[in-house]
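Letter by letter, the chains look like this.
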Amino acid sequence: MLYRKVYFCFMKTNKLLYLHLFFWGIYIIGSVLIPYFAFNSSKNSNILHITFFITSFTCFYINYFFVVPKFFDTSNLYKSVIAFLLSATCFVMVRYSVEEVLLPATLGFRNYAKGTGFGYYFFDNIFYSSTTIFISTTFWFFKYFINAEQEKSELIEAKKTAELQALKTQINPHFIFNSLNNIYSLVYQKSEKALPALEELSQLLRYSTKDLEEDVITLDKEIGYIDSLTALEKLRLKNPELLSIEKKIHHPKLSISPMILVPFVENAFKHGDFRNKGFQMKLSDDNQILHFYLLNFKKERMKDSGSGIGIENVKKRLEILYPKKYELSIKDSEADFVVDLKIDLRNE
């Protein structure tokens, strides 16, 4: 998050810098270099061109850094008028001080004829000042909208982070609730499988408490989580051989958000029919595209009211974390429940 913020600020600064350099490069070529080389201007004219550039540069950034930020208010038009008048007056005063006061005192010439009144001077420079002020204000708005977009992106990112954290905190208690139910059943039956089940749960809790703190984990950790969960669930099944699991993983170190696949497996164990039927699960990662397929047969009785919490969380997380990079198909019929999920894990 911090890296992305710094990178965005760096890119924003570069864009603004290049824009300013481009503008002033064109300005110097058009107002200083071309008159000097192409029109064989006199020495006094060249000095006036340079002083005009200095005036424009100074007033450009006075307007850019001070006037517009201070007076910009979309709800008060009069403030914009005041801002324009202040910037125009600043331009005229700076130019008048240089051309009509400083140059005559130091070099003995001026731009306007001697005796020209300040009122005429002010009116005559409105056009030049308006052009400079307009471009300066446009640049400021460009910076303003870039900052607004950055703030918007940061708010969206913060919202996503908060939502993901909320979803994660829902996943972990839900998983513990399901597992404890299974172990409670074994203890109630005084099964010798209860102690191994507690050991498997301990292993799963180590996975969950550590990995849920991370934004991403390696694919082999997520699959290891599923393997531990499956081993735990097998302890309570009479026919564990009915579970068909196929794994063809070529890129175990691919990055994936934790607890993306596990809720589907939890759901299968909680609501599946394992008396005479098991489930089919297939995992592959050809071309770094994870393909997860799960088919489980339903119990005859109705599902409980909390059966969809984990899967709904996964749907929300997929939409946030992998927009346009995943395909999820869920077939929910009376007899079975099928999940077909593909996630593009390239460059994650």
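Provided above is the structure to which this section pertains.
What you see is a predicted model, and the numbers here were worked out from it, not measured in a lab.

What is the right way to read the overall build of the protein chain from this model?
Check the secondary structure of the protein chain and you find nine helices and seven strands. In the protein chain, which comprises 348 residues, the proportion classed as buried is 39%. Taking as baseline every contact in the protein chain between residues at least 6 positions apart, the subset at least 24 positions apart corresponds to 74%. Summed over all atoms, the accessible surface of the protein chain reaches about 20600 Å², with 61% contributed by carbon and sulfur.

What's the story with the packing of helix 7 (residues 219-234) against helix 8 (residues 262-271) in this structure? I'm lost.
In a pair of packed helices, the angle between the axes and the distance between the axes together describe the arrangement. The N-to-C vectors of helix 7 and helix 8 enclose an angle of 15°; their axes lie 10 Å apart at closest approach. Here helix 8 runs roughly parallel to helix 7, going by the angle between their axes. Both helix 7 and helix 8 take part in a crossing whose hand is right-handed. Across from E222, Y225, I226, L229, T230 and E233 in helix 7, the residues of helix 8 making contact are V262, V265, E266 and F269. For the contact of helix 7 with helix 8, the per-class residue count stands at six nonpolar, one polar and three charged.

I keep staring at the pairing of strand 7 (residues 336-344) and nothing clicks. Help me out?
Both faces of the sheet carry side chains from a regular strand, because those side chains alternate between them. Taking burial as the measure, the nine residues of strand 7 include seven buried ones, the bulk of the element. Across nine bridges, the pairing between strand 5 (residues 289-297) and strand 7 is antiparallel. Among the inter-strand pairings, L290 is bridged to a residue of strand 7, identified as I343. Pairing of strand 6 (residues 326-332) with strand 7 involves seven bridges; the strand directions are antiparallel. Residue pairing across strands places I330 opposite V339, the latter belonging to strand 7.

Help me understand the nonpolar core, please; the structure alone is not making it clear to me.
Among the nonpolar cores identified, the biggest contains 43 residues, and I256, L261, F264, F279, F292, L294 and L341 are the most heavily contacted of them. Mapped onto this core, the elements with two or more residues apiece are helix 5 (126-188), helix 6 (194-211), helix 7, helix 8, strand 4 (279-284), strand 5, helix 9 (309-321) and strand 7. Considering each element in turn, this core owes the most residues, six residues, to helix 7. Look past the residues within four positions of L294 in its chain and what remains in contact with it is F264, V265, A268, F279, Q280, M281, F337, V338 and V339. Membership of the second largest hydrophobic core comes to 15 residues, among which are V32, F53, Y61 and V68.

Sorry if this is basic, but what is going on with the sheet that holds strand 6 here?
Two strands in a sheet stick together by hydrogen bonds in their backbones, pointing the same way (parallel) or opposite ways (antiparallel). In spatial order, the strands read 2-4-5-7-6; together these five strands make up an open sheet with mixed pairing. In this open sheet, the two strands that pair with only one neighbour each are strand 2 (243-248) and strand 6. For this sheet, the mean inter-axis angle between neighbouring strands, taken without regard to orientation, is 5°. Packing against the sheet, helix 7 makes contact with strand 2, strand 4 and strand 5, and its axis sits at approximately 165° to strand 2.

Whenever I open this one, the pattern of salt bridges confuses me. Can you help?
Pairing is possible between side chains of opposite charge, provided their charged atoms come close. For the structure shown, the criterion picks out seven salt bridges. Ionic pairing is found between K247 and D227, a salt bridge with its closest N-O pair at 3.1 Å. Pair noted here: K247 is in strand 2 and D227 is in helix 7, with a separation of 20 residues, a long-range link. Using a relative accessible area of 42% as the deciding quantity, one classes K247 as partly exposed. Among the salt bridges present, the one from E312 reaches K315, with a minimum N-O distance of 3.4 Å. Here K315 and E312 lie together in helix 9, a separation of three residues that amounts to about one turn.

I'm lost on helix 3 (residues 77-106) in this one. Help?
Residues lying three or four places apart along an α-helix face the same way, a consequence of the helix completing one turn every 3.6 residues. End to end, helix 3 covers 42 Å across 30 residues, agreeing with the expected 44 Å (1.5 Å per residue, within 8%). Along helix 3, the helix axis deviates most sharply at S97, where the bend reaches about 30°. Of the positions making up helix 3, those classed as buried are A83, S87, A88, C90, F91, V92, R95, V98, E99, E100 and L103. Downstream of helix 3 by one or two residues, G108 has phi in the positive range, about 80°.

Rules used throughout
- Residues numbered from 1 in each chain as written.
- Predicted model: local features only at pLDDT ≥ 70, side-chain atom pairs only at ≥ 80, totals over all residues.
- Heavy atoms only, no water.
- Helix = DSSP H or I, 4+ residues; strand = E, 2+ residues; numbered from the N terminus.
- Buried < 20%, exposed > 50% of the residue type's maximum accessible area, 1.4 Å probe, protein only.
- Contact = heavy atoms within 4.5 Å.
- Areas by Shrake-Rupley, 256 points an atom, 1.4 Å probe, with all protein chains shown as cover.
- Axes fitted to C-alpha atoms, helices over the stretch in contact; angles between N-to-C directions.
- Parallel < 35°, antiparallel > 145°, perpendicular 65-115°, else oblique.
- Left-handed = near helix turned anticlockwise from the far one by under 90°.
- Nonpolar A, V, L, I, M, F, W, Y, C, P; charged D, E, K, R; others polar.
- Pairing = 2+ DSSP bridges.
- Core = buried A, V, L, I, M, F, W, Y, C linked by side-chain atoms within 4.5 Å.
- Salt bridge = Lys/Arg side-chain N within 4 Å of Asp/Glu carboxyl O.
- Expected span 1.5 Å × (residues − 1).
- Bend = angle between axes of the 7 residues up to and from the residue.

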